[in-house]
Amino acid sequence: MTGSESDGERLAELAKRRGFFFQASESYGGVAGFYVYGPQGASLKRNLEDAWRDRYVTREGHMEIDAPTVMPEAVFEASGHLDGFDDMIIECPECGESHRADHLVEDETGIEEAESLPIAEVEAIIAENDLVCPSCGAELADVPVSEFNLMFGTNIGPGSSAPGYLRPETAQGIFVEFPRLKEYARGKLPFGVAQIGEAYRNEISPRRALIRVREFTQAELEHFVDPETDEPPLHRVEDVELPLYSAADQEASAERSSAEQSSGDEPRDEEGGIEYLTVREAVDENVITSDWVAFYLGLSLGWYERIGVDMDRFRFRQHLPGELAHYASDCWDAEAELGGNWVEVTGFAYRSDYDLSKHAAHADDDFTVFRQYDEPISVERATVDPDMSYLGPEFGGAAADIAEELASLAAEDRSAFDGEEVVVEVDGEAYSIPVEKTGFAVREVTESGEHITPHVVEPSFGVGRLLYTVLDHAYREDEVDGEPRTYLELPAELAPTTVGVFPLMSKDGLDDAARDIAETLRAAGLTVAYDDSGAIGRRYRRQDEIGTPYCVTVDYESLEEDTVTLRDRDSTEQVRVPVADLPERIAALRAGAPFDEVTEG
């Protein structure tokens, strides 16, 4: 399927007609940004999630949790989402419609990643290019662009005394529970915690079906590591070749494009600046600055192929400096080409200790782990033992806070106690305390280890976008016996239905035999569609169109020889198979075995 608007329309029509996905609440006019996964879509989504769980949880030995989707306001104050989770919005002065300003710029000017630009620059681009409202055509020059927070707010319990928010990412449910989760890991780094669940963002202008919605499913892994001692097993993926579009290449491409436009030359036909490097080459050449991110890019490439992503329409793109999230020191997106546009389907970020440090500063719990030394060491530690009989009468209610500040200051800057008095600040007010009243001393102590705040590596997958990508990249049109055919070349393990079972005719016991076979295959754990309606060719086409990889036909020979016809979706090849062998052979095919090998003999 090529990347064109008509292809997107055909896919949307197929998705609605065959029950993959459709807009929610259509009986009430529909609500933008909310979609229902129909019978085929729900099954495909579940299989996709199972494939993700197999790769990133089971095979890597990580744990999985399921946290609430509503969390108290304090969580998002600590995480930074209340202050920094914004998109650029522009409101039409004529019709009142709101639009996402950076998307408007990208759609109408060809500028990529306008999200990374300052608001003032976006306003200037809108004015310079005479951009208009997509809804009514009104001019938008000189219309201010502002920030809009994407959080969905709510109240926890009656009244408004306990504000909360629907989570904009599943990650915070993992970070907040870290103090308990580390116990399940026996306090040993590294360990990973995964979660598949819903997240919510009040998008300004939802669009393109599942690509930009307000409720979506994320599959996220938070891998907690010791930044000084834990290294990824790069040897497992070092020879994997990655299609990389680095920040440097993006900037160079933008400069070339600008120069060509200024000179009036036609833009050159390039492959988007993609450079193919092995994981080892990318790390050694410092194209990917984080070894952990490089490891997960290498680990994930094979998984994308496994679920049916077209590798000719796929790349890893590094975030530009202006794009980096508030928590990320480096980030790469896995992007798929859809409808002529590159769309992010996964973000790979090195979040350092940002999240745990933020929650440690706001919450009343311990977000560190204990790093055991190989051998105990002797170190000098500065300590205080304040004279509270002096601090209490002298400073009243501030005495306890002053004592805490003295302890922190001693640990951070012992030279502050060199004079006769030391100054600390509590709630913006400075207090001067005689050093002799602080009990300051430097002592030699033996320590067996230290408490550290882990760093976090995060692969974050958008399940809906991946599902859309898989459908888009699987869409095929061909001819069979001179007739046009539409089919989805879905991997067998992802297909909503594994096998269709048909009686050639609904008489002479063929239908009873077909129903028995269908029940046997279901009992073997396979998803089965039974269909006895219409010509056999039409039944094949119906299953092809929803991606069913195999079909079984019961004919008169089946009653005599106890064999059936097994058909392959992609090649349309048909072979005779003993009925008794069907469950084992179809299970092998679903697991990835080639059709010709499994059906031999």
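Residues numbered from 1 in each chain as written. Predicted model: local features only at pLDDT ≥ 70, side-chain atom pairs only at ≥ 80, totals over all residues. Heavy atoms only, no water.

> Describe the nonpolar core, naming the residues involved and giving the relevant values.
Counting 65 residues, the largest nonpolar core has Trp-52, Leu-244, Trp-303, Tyr-304 and Phe-316 as its most contacted members. At 10 residues, the largest contribution of residues to this core is made by helix α11 (residues 291-306). When residues no more than four places from it in sequence are discounted, the contact partners of Tyr-304 are Val-309, Met-311, Phe-314, Phe-316, Ala-334, Val-345, Thr-346, Phe-348, Phe-461 and Leu-466. Counting residues in each nonpolar core, the second largest holds 22 residues, with Ile-517, Leu-521, Leu-582 and Phe-595 among its members. (Core = buried A, V, L, I, M, F, W, Y, C linked by side-chain atoms within 4.5 Å. Buried < 20%, exposed > 50% of the residue type's maximum accessible area, 1.4 Å probe, protein only. Helix = DSSP H or I, 4+ residues; strand = E, 2+ residues; numbered from the N terminus. Contact = heavy atoms within 4.5 Å.)

> If you had to explain the pattern of salt bridges to someone new, which residues and values would you point to?
The tally for this structure, following the rule as stated, stands at 49 salt bridges. A salt bridge links Asp-54 to Arg-59; the nearest nitrogen and oxygen atoms lie 3.0 Å apart. We classify Arg-59 as exposed; its relative accessible area is 53%. For the salt bridge of Asp-531 with Arg-542, the shortest nitrogen-to-oxygen distance reads 2.8 Å. Linking Asp-531 in the loop between β25 (528-530) and α17 (536-545) with Arg-542 in helix α17, this pair joins segments that are 11 residues apart in sequence. Salt bridges here are not isolated pairs; linked through shared partners, they connect Asp-87, Arg-100, Asp-102, Glu-115, Glu-203 and Arg-212. (Salt bridge = Lys/Arg side-chain N within 4 Å of Asp/Glu carboxyl O.)

> How would you summarise the environment of Trp-342 if you had to cite specific residues and measurements?
Along the chain, Trp-342 turns up in strand β16 (residues 341-352). Spatially, the C-alpha atom of Trp-342 lies 8.8 Å from that of Arg-315, the residues being 27 residues apart in sequence. Not counting residues within four places of it along the chain, the set of residues in contact with Trp-342 comprises Arg-313, Phe-314, Arg-315, Glu-335, Ala-336 and Glu-337.

> Describe a nonpolar patch on the surface, naming the residues involved and giving the relevant values.
On the surface, Leu-504, Met-505, Tyr-556 and Leu-559 cluster together into a nonpolar patch covering about 330 Å² of accessible area. By the secondary structure assignment, Leu-504 is in the loop between β24 (499-503) and α16 (510-523). (Patch = residues over 30% accessible without salt bridge, like charges linked within 9 Å, V, L, I, M, F, W, Y side chains within 5 Å. Areas by Shrake-Rupley, 256 points an atom, 1.4 Å probe, with all protein chains shown as cover.)

> Can you lay out a negative patch on the surface for me, pointing to particular residues and giving the numbers?
Negative charge collects at one region of the surface, where Asp-401, Glu-404, Glu-405, Glu-412, Asp-413, Asp-418, Glu-425, Asp-427 and Glu-429 lie side by side. Element by element, the count of residues in the negative patch is highest for helix α14 (residues 399-412), at 4 residues. Within the secondary structure, Asp-401 sits in helix α14. (Lys, Arg positive; Asp, Glu negative; His and termini not counted. Charge placed at Lys NZ, Arg CZ, Asp CG, Glu CD.)

> Which residues make up the packing of aromatic side chains, and what are the values?
Following the criterion strictly, the structure yields 26 aromatic pairs and no others. An angle of 50° between the planes, with centres 5.0 Å apart, marks the rings of Tyr-56 and Phe-461 as tilted. With Tyr-56 in helix α2 (residues 39-58) and Phe-461 in strand β21 (residues 455-462), this pair connects stretches of sequence that are 405 residues apart. Overall, the relative accessible area of 0% leaves Tyr-56 in the buried class. Between the aromatic rings of Phe-295 and Tyr-296, the centroid separation amounts to 5.1 Å while the plane-to-plane angle is 70°, which identifies the pairing as edge-to-face. As far as the burial class goes, Phe-295 and Tyr-296 line up, both buried. Pairwise contacts between aromatic rings join Trp-52, Tyr-56, Trp-303, Tyr-304, Phe-314, Phe-316, Phe-348 and Phe-461 into one cluster. We note Lys-45 situated over the ring of Tyr-37; from NZ or CZ to the ring centre the distance is 5.5 Å. (Phe/Tyr/Trp six-rings, centres within 6.5 Å; stacked < 30°, edge-to-face > 60°. Lys NZ or Arg CZ within 6 Å of the ring centre and 35° of its normal.)

> An account of α11 is requested, with residue identities and associated values reported.
In a regular helix each residue adds 1.5 Å, so 16 residues correspond to 22 Å; α11 covers 24 Å between its end C-alpha atoms and thus fits that length. Ser-300 marks where α11 bends most, by close to 25°. Turning to α11, its buried residues are Trp-292, Val-293, Ala-294, Phe-295, Tyr-296, Leu-297, Gly-298, Leu-299, Ser-300, Leu-301, Trp-303 and Tyr-304. N-cap assignment for α11: the residue whose side-chain oxygen lies 3.3 Å from the backbone N of Trp-292 is Ser-290. Looking one or two places after α11, you find Gly-308, whose phi comes out positive at around 100°. (Expected span 1.5 Å × (residues − 1). Bend = angle between axes of the 7 residues up to and from the residue. Polar contact = N/O pair within 3.5 Å; in protein donor to acceptor, adjacent residues only side chain to side chain.)

> Quick one: what's the story with the pairing of β16, residue by residue and with numbers?
Buried residues dominate β16, accounting for 9 of its 12 residues. Across 9 bridges, the pairing between strand β15 (residues 330-338) and β16 is antiparallel. Looking across to β16, one finds that Ala-334 is bridged to Thr-346. Counting the residues that bridge the hairpin from β15 to β16 gives 2 residues, and of these Gly-339 lies at a positive phi of roughly 60°. (Pairing = 2+ DSSP bridges.)

> Report on the side chain of Glu-545, specifying residues and quantitative values.
Inspection of the secondary structure puts Glu-545 in helix α17. For Glu-545, a relative accessible area of 10% puts it in the buried group. A distance of 2.8 Å separates the side chain of Glu-545 from the side chain of Arg-18, its partner in a polar contact. Not counting residues up to four positions away in its chain, the partners in contact with Glu-545 are Leu-14, Arg-17, Arg-18, Phe-20, Thr-486, Tyr-487 and Leu-488.

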